[in-house]
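Descriptive structure summary
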Amino acid sequence: MSLKLMYITNRPDVAEIAEAAGVDRIFIDMEYIGKELRQKGMNTVQLHHTIEDIVRIREAIKRAELLVRCNPIHDETEEYDSSEEEINEIIKSGADVIMLPYFKTLKEVHRFLAAVNGRAKTMLLLETPEAVSVLDEILEVPGIDEIHIGLNDLSLGYGMRFLFEPLADGTVDMLAKKFRQKGIPFGFGGVASLGKGLLSAEHIIMEHYRLGSNGVILSRSFCNLAKIDDIEQIRQIFTRGVGDIRKFEDECSRCPEMLEANRERVSEIVRQIVGSGAV
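Please read all numbers here as calculations on a predicted model, not as lab measurements.

**Regarding the sheet that holds strand E6 (residues 146–149)**
With parallel pairing, 8 strands are arranged side by side around a closed barrel as E1-E2-E3-E4-E5-E6-E7-E8. Put simply, the sheet's adjacent strands are angled 30 degrees from each other on average, direction ignored. Sheet topology places strand E7 (residues 186–191) next to strand E8 (residues 215–218); 3 bridges connect them, and they run parallel. By the bridge assignment for E8, valine 191 is matched with leucine 218. Sitting on the sheet, helix H5 (residues 106–116) is in contact with strand E4 (97–100) and strand E5 (121–126), with an inclination near 155 degrees to E5.

Encoded structure:
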């Protein structure tokens, strides 16, 4: 089974290109509450997409699912609506899947699932140590369709220096085992084009196959729209990049013996990266 590839964009023209290239989910990112503060000083992007972006992307895509990350659970203030109001608007605008970020408690998960109320697929973004500590209770709650492990914030929460440290130290293995036991589809992290990244895309994809993951986000470096204006160049990047990933996935599925060796190699590379001070 191929990984579900997700790409974050609010541009309809790019969404159409990504869909045509074989991207499975177009990802609208509405999360902004608290994000800037906790990721201050990091090389991350706060996108703050809007309801209008959901509507435009919904009209642009035909086959791919529309995934929307809402804000963390919150109450109404002068600045923003409550989580329930926000989720209602997201569903009315055409989201197929709604992702809850940065939750820490069982109560937040219950509130999210109640707000969605079966009207869209639900995905939990597991990215806090507090949520990991109550994960067994969370996994008993009905209505969770998928889980994605957010390596960036999770590594920050554990005081780590590199986002792939939870993959190298066994944390992701532990979480994946729990998800598999409950039969809940899951994914983790992001991936660049083959041959790119401090930890190469090939190493990361092999870990997805070893762990039984179902999905991964195509990272900003896969196609950095802040640096590329030419639409034909964007089309070529997606066509070639997605095609290369699919070919490599086929190799992974046919050569399971290479996956365990890759696990050890990933741990070694991550130790080298952290020890070198490159991050």
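**Side note on helix H1 (residues 12–21)**
Within the sequence span of H1, burial applies to Val14, Ala15, Ile17, Ala18, Glu19 and Ala21. On its buried face, H1 is in contact with strand E1 (4–8), strand E2 (25–29), helix H3 (51–60) and helix H12 (231–254). Glycine 22 sits one or two residues past H1 and shows a positive phi near 110 degrees.

**Focus on unusual backbone geometry**
Its identity is not glycine, yet tyrosine 102 carries a phi of approximately 45 degrees, on the positive side. Of note, tyrosine 102 is situated in the loop between E4 and H5. Residue tyrosine 102 is classed as partly exposed on the basis of its relative accessible area, which comes to 24%. With phi around 55 degrees, asparagine 117 is a residue other than glycine that occupies positive phi space. Here asparagine 117 shows up in the loop between H5 and E5. Taking the relative accessible area as the measure of exposure, asparagine 117 reaches 58% and is therefore exposed.

**Some words on the pattern of salt bridges**
In the structure shown here, the tally under the stated rule is 23 salt bridges. One salt bridge in this structure joins arginine 56 and aspartate 53, with 2.5 Å as the shortest N-O distance. Residue arginine 56 and its partner aspartate 53 are both found in helix H3; the two are separated by 3 residues, about one turn of the helix. Connected via shared salt-bridge partners are Asp173, Glu207, Arg210, Glu260 and Arg263.

Criteria and thresholds
Residues numbered from 1 in each chain as written. Predicted model: local features only at pLDDT ≥ 70, side-chain atom pairs only at ≥ 80, totals over all residues. Heavy atoms only, no water. Pairing = 2+ DSSP bridges. Helix = DSSP H or I, 4+ residues; strand = E, 2+ residues; numbered from the N terminus. Axes fitted to C-alpha atoms, helices over the stretch in contact; angles between N-to-C directions. Contact = heavy atoms within 4.5 Å. Buried < 20%, exposed > 50% of the residue type's maximum accessible area, 1.4 Å probe, protein only. Salt bridge = Lys/Arg side-chain N within 4 Å of Asp/Glu carboxyl O.

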